[in-house]
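Chain residues, written in single-letter form:
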Amino acid sequence: MSSWNPGRPPDRVRGTRKYGVLIVSVTCPGPIGLEFLVDTGAAMTVITPAVAVALGSSVVHSLRQERVAPVGKTLLSAPVVRLQSIQVGGHEVLDLEALILDLPPPLHLDGLLGVNFLERFRVTIEFDTETLILRRKT
Amino acid sequence: MAQKKDDTFPIDEIREMFDSEWVLVEVTALRRPGQPSRGRVLAHHQSRMEIARKTRKFHDANPGKMSYTLFAGDAIPKGVVVVLMESRTTS
């Protein structure tokens, strides 16, 4: 069983809060810095097709198609790719699966930081300080 | 001898330089790991895909250098309430 390691300080990742949601900087291989929305309602991390183009060869091979259940829409199918790494603050997760999916056009975001990333950590979201806190599990 | 002009700016200032455009920045300083604080504007465009192609080109020509892409403007338009999706696994 994993537990919080009090000996290691948590990583406080300062983001920006826009109309209720938190947006943080993430770094993909390149290194390519991007801005993702922290989404505890997304089971998987999402990148947009434009991000897939920017990342190039590291994500060209689709692993499989996944059925996606967007709120208020019927099921749709989207390709899943493996990101070599994704870094948030000082924490890097290797070989993370991500969906390639268009986000609604009015949103100018490059992706969603979903539960398959967040679950690797003990996570606290401080909305008042616009901060995502990641504590490494032991 | 003429001094080389500093063409780098704080990320927050770069955000204010453009209006509703995607901006590609070469990162020259980090505030903390993974958190760019300063950089040089490489390109700006209304098309996200255009910036993606320029990002790929930049990294192909400059391995190891860090880029940062941001949207200068409201990433989430005022009055829009964000309710996004969850995925369902096929097994």
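This one's a predicted model, so the numbers in the text were calculated from it and none came from an experiment.

### Structural notes on the overall build of chain B
A tally of regular secondary structure across chain B gives two helices and five strands. Starting at the N terminus, the α and β elements of chain B follow one another as β-α-β-β-α-β-β. Buried residues in chain B amount to 26% of all 91 residues. For chain B, the share of sequence-separated contacts (at least 6 apart) that also reach a separation of at least 24 residues comes to 54%.

### Remarks on the overall build of chain A
Regarding its fold elements, chain A presents two helices and 11 strands. When the helices and strands of chain A are read in sequence order from the N terminus, they spell out β-β-β-β-β-α-β-β-β-β-α-β-β. The proportion of buried residues among the 138 residues of chain A is 36%. Sequence separation of 24 or more characterises 62% of the internal contacts of chain A that already satisfy a separation of 6 or more.

### Topic: the sheet that holds strand 1 (residues 11-14) of chain A
Residue and element names in this part refer to chain A. Spatial ordering of the open sheet is given by 1-11-10, a layout of three strands whose pairing is antiparallel. Every other strand in the sheet has two partners, leaving strand 1 and strand 10 (121-126) as the edge strands with one partner each. Going across the sheet, the axis of each strand differs from the next one's by a mean of 20 degrees, ignoring polarity. One ladder, built from six bridges, connects strand 10 with strand 11 (residues 131-136); its direction is antiparallel. Residue pairing in the sheet places F121 in a bridge with R136 of strand 11.

### Focus: the confidence of the model for chain B
The predicted model of chain B has a mean per-residue pLDDT of 88, with 89% of residues at 70 or higher. Among the scores for the predicted complex, ipTM is 0.86 and pTM is 0.87.

### Considering the confidence of the model for chain A
Put simply, chain A has an average pLDDT of 86, and 86% of its residues get 70 or more. When the criterion is pLDDT under 50, residues 1-6 of chain A qualifies, and its contacts beyond four places in sequence or with other chains add up to seven contacts.

### Considering the environment of E119(A)
All names here are of chain A. With respect to the secondary-structure elements, E119 resides in the loop between helix 2 (115-118) and strand 10. Owing to 12 C-beta atoms within 10 Å, E119 belongs among the exposed residues under this scheme. Through-space distance from the C-alpha of E119 to that of L134 is 9.9 Å; in sequence the pair is 15 residues apart.

### Examining the interface of chain A and chain B
Between chain A and chain B, the contact holds 40 residues from the first and 33 residues from the second. Among the elements of the structure, strand 3 (21-28), strand 4 (32-38), helix 1 (49-55), strand 6 (64-69) and strand 7 (76-88) of chain A are those that each provide at least two residues to the side of chain A that touches chain B. Residues that form the side of chain A that touches chain B fall into these classes: 23 nonpolar, 10 polar and seven charged. Bridge count between strand 4 of chain A and strand 4 (residues 67-72) of chain B: two bridges; the pairing is parallel. Of the residues in strand 4 of chain B, the one forming a bridge with I32(A) is S67(B).

### A few points about the nonpolar core
Among the nonpolar cores identified, the biggest contains 48 residues, and V24(A), V26(A), F36(A), L37(A), V46(A), L113(A) and V25(B) are the most heavily contacted of them. With six residues, the top contributor of residues to this core is strand 3 of chain A.

### What about helix 2 (residues 48-61) of chain B?
Residues and elements named next belong to chain B. Here helix 2 contains 14 residues, and its C-alpha end-to-end distance of 20 Å stays within 8% of the 20 Å for a straight helix at 1.5 Å per residue. By the burial criterion, the buried members of helix 2 are R48, I51, A52, T55 and H59. Buried residues of helix 2, viewed axially, fall in a sector of 105 degrees; they line one side. Exposed positions of helix 2 whose direction lies more than 90 degrees from the buried face are D60 and A61.

### So, the environment of A29(B)
Residue and element names in this part refer to chain B. Its location among the elements puts A29 in strand 2 (residues 21-32). Assessed through the 11 C-beta atoms surrounding it within 10 Å, A29 is described here as exposed. Leave out the neighbours within four places in its chain, and A29 touches S37 and R38.

### Details of the environment of P77(B)
Structurally, the position occupied by P77(B) is in the loop between strand 4 and strand 5 (86-88). In sequence terms P77(B) and P36(B) are 41 residues apart; their C-alpha atoms lie 24 Å from each other.

Reading the values: rules and limits
Residues numbered from 1 in each chain as written. Chains lettered and ligands numbered in written order. Predicted model: local features only at pLDDT ≥ 70, side-chain atom pairs only at ≥ 80, totals over all residues. Helix = DSSP H or I, 4+ residues; strand = E, 2+ residues; numbered from the N terminus. Buried ≥ 20, exposed ≤ 12 C-beta atoms within 10 Å, placed from the backbone. Contact = placed C-beta atoms within 7 Å. Pairing = 2+ DSSP bridges. Axes fitted to C-alpha atoms, helices over the stretch in contact; angles between N-to-C directions. pLDDT = per-residue confidence, 0-100. Nonpolar A, V, L, I, M, F, W, Y, C, P; charged D, E, K, R; others polar. Core = buried A, V, L, I, M, F, W, Y, C linked by C-beta atoms within 7 Å. Expected span 1.5 Å × (residues − 1). Arc of directions from axis to C-beta.

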